[in-house]
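# Examination of the molecular architecture
Below, each chain spelled out in residue letters.
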Amino acid sequence: MTAADELFEVSLLVNGVPRSATVPARRLLSDFLRHDLELTGTHVGCEHGVCGACTVLVDGRPIRSCLQFAVTVDGASVTTVEGCTRADGELGHVQQAFRDCHGLQCGFCTPGFVTTITAYLEENPAPTEEQAREAIAGNLCRCTGYQNIVASVLRAAELRAGAAGEVTPS
């Protein structure tokens, strides 16, 4: 057995659920999520960290999962596009905004956009159009353009603000 063949137990909190698997040291986080945990919402596009399709949140921060070994995030909290839903299972604000604004296009890049925007809005809840464009600058869409995606960022901010202003009956 070579060092490359050695297996490691990786345990994560994925979308709020404890998950673990035994994997080789060089298993990429994207492959760990897709193949070992069967969470196929995370897409792998360029495999070089350029396109952003594989973006997931590790402890709330967006990272390219195609560039990260799974063993390096052992014990972390990971949020994939599947985890960007509301607690009741309905579409999350960003997902709903993509639906409302037709930001999906072919949908291949959408999981990376959803996780990126989710993290961005946590720190910048009321972006301008220019800020929205900057927020998604690291994600590539190979379809028709970014107009509807930018509109989705702004709509998601509106939906978040509306939800924050809702009063829960006691």
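Please read all numbers here as calculations on a predicted model, not as lab measurements.

Once that is clear, we can look at the packing of helix α2 (residues 93–101) against helix α5 (residues 147–165). A packed helix pair is summarised by two numbers, namely the angle formed by the two axes and the spacing between the axes. Look at α2 against α5: their axes get within 8 Å of each other, and the N-to-C directions meet at 130°. With respect to α5, the element α2 is oriented oblique. Here the hand of the crossing between α2 and α5 comes out right-handed. Along the contact surface, α2 presents His93, Val94, Gln96, Ala97, Phe98, Asp100 and Cys101, while α5 presents Asn148, Ile149, Ala151, Ser152, Arg155, Ala156, Leu159, Arg160 and Ala163. Its residues placed into classes, the contact of α2 with α5 shows nine nonpolar, four polar and three charged.

Moving on to the pattern of salt bridges. All chains considered together, the criterion is met by six salt bridges. Close ionic contact of Arg160 with Glu122 constitutes a salt bridge, the shortest N to O distance being 3.1 Å. With Arg160 in helix α5 and Glu122 in helix α3 (residues 110–123), this pair connects stretches of sequence that are 38 residues apart. On the basis of relative accessibility, which here comes to 22%, the residue Arg160 falls in the partly exposed class. Overlapping salt bridges bring together Asp100, Arg155 and Glu158 as one network.

The next subject is the environment of Tyr120. Tracing the backbone through its elements, the reader meets Tyr120 in helix α3. The class of Tyr120 is buried, set by a relative accessible area of 17%. Sequence-distant contacts of Tyr120, defined by excluding residues within four places in its chain, comprise Pro127, Gln131 and Ala135.

On to the pairing of strand β3 (residues 55–58). On β3, burial covers both faces: Thr55 and Leu57 on one face and Val56 and Val58 on the other are all buried. Relative to strand β4 (residues 61–64), β3 is paired through four bridges, and the arrangement is antiparallel. The residue of β4 that forms the bridge with Thr55 is Arg64. Hairpin connection of β3 to β4: two residues between the antiparallel strands, including Asp59 at a positive phi of 50°.

Bringing the side chain of Gln95 into the picture now. Within the secondary structure, Gln95 sits in helix α2. The buried category is assigned to Gln95, whose relative accessible area is 14%. Side-chain polar atoms of Gln95 contact the backbone oxygen of Val81, separated by 3.1 Å.

Turning our eyes to something else, we now look at the domain arrangement of the chain. Segmenting the chain into domains produces domain 1 (7–83) and domain 2 (93–164). Taken over C-alpha atoms, the centre of domain 1 sits 21 Å from the centre of domain 2. With 18 residues of domain 1 at the interface, the matching set in domain 2 holds 15 residues. Interface area, domain 1 with domain 2, both sides summed: about 1100 Å², of which 61% is carbon and sulfur. Together, His43, Cys51 and Val81 form the three largest contributors to the area buried by domain 1 at its contact with domain 2, with a combined 40%. Summed over the shared surface of domain 1 and domain 2, the result is zero salt bridges. Taken together, the links from domain 1 to domain 2 amount to six residue pairs in polar contact (both at pLDDT 80 or more). For the side of domain 1 that touches domain 2, the secondary-structure elements that each account for two or more residues are β3 and β4. Per element, the largest residue contribution to the side of domain 1 that touches domain 2 is three residues, and it comes from β3. Considered class by class, the residues forming the side of domain 1 that touches domain 2 number nine nonpolar, eight polar and one charged.

Reading the values: rules and limits
- Residues numbered from 1 in each chain as written.
- Predicted model: local features only at pLDDT ≥ 70, side-chain atom pairs only at ≥ 80, totals over all residues.
- Heavy atoms only, no water.
- Axes fitted to C-alpha atoms, helices over the stretch in contact; angles between N-to-C directions.
- Helix = DSSP H or I, 4+ residues; strand = E, 2+ residues; numbered from the N terminus.
- Parallel < 35°, antiparallel > 145°, perpendicular 65-115°, else oblique.
- Left-handed = near helix turned anticlockwise from the far one by under 90°.
- Contact = heavy atoms within 4.5 Å.
- Nonpolar A, V, L, I, M, F, W, Y, C, P; charged D, E, K, R; others polar.
- Salt bridge = Lys/Arg side-chain N within 4 Å of Asp/Glu carboxyl O.
- Buried < 20%, exposed > 50% of the residue type's maximum accessible area, 1.4 Å probe, protein only.
- Pairing = 2+ DSSP bridges.
- Polar contact = N/O pair within 3.5 Å; in protein donor to acceptor, adjacent residues only side chain to side chain.
- Domains from an automatic or database assignment.
- Buried area = accessible area lost by both parts, 1.4 Å probe.

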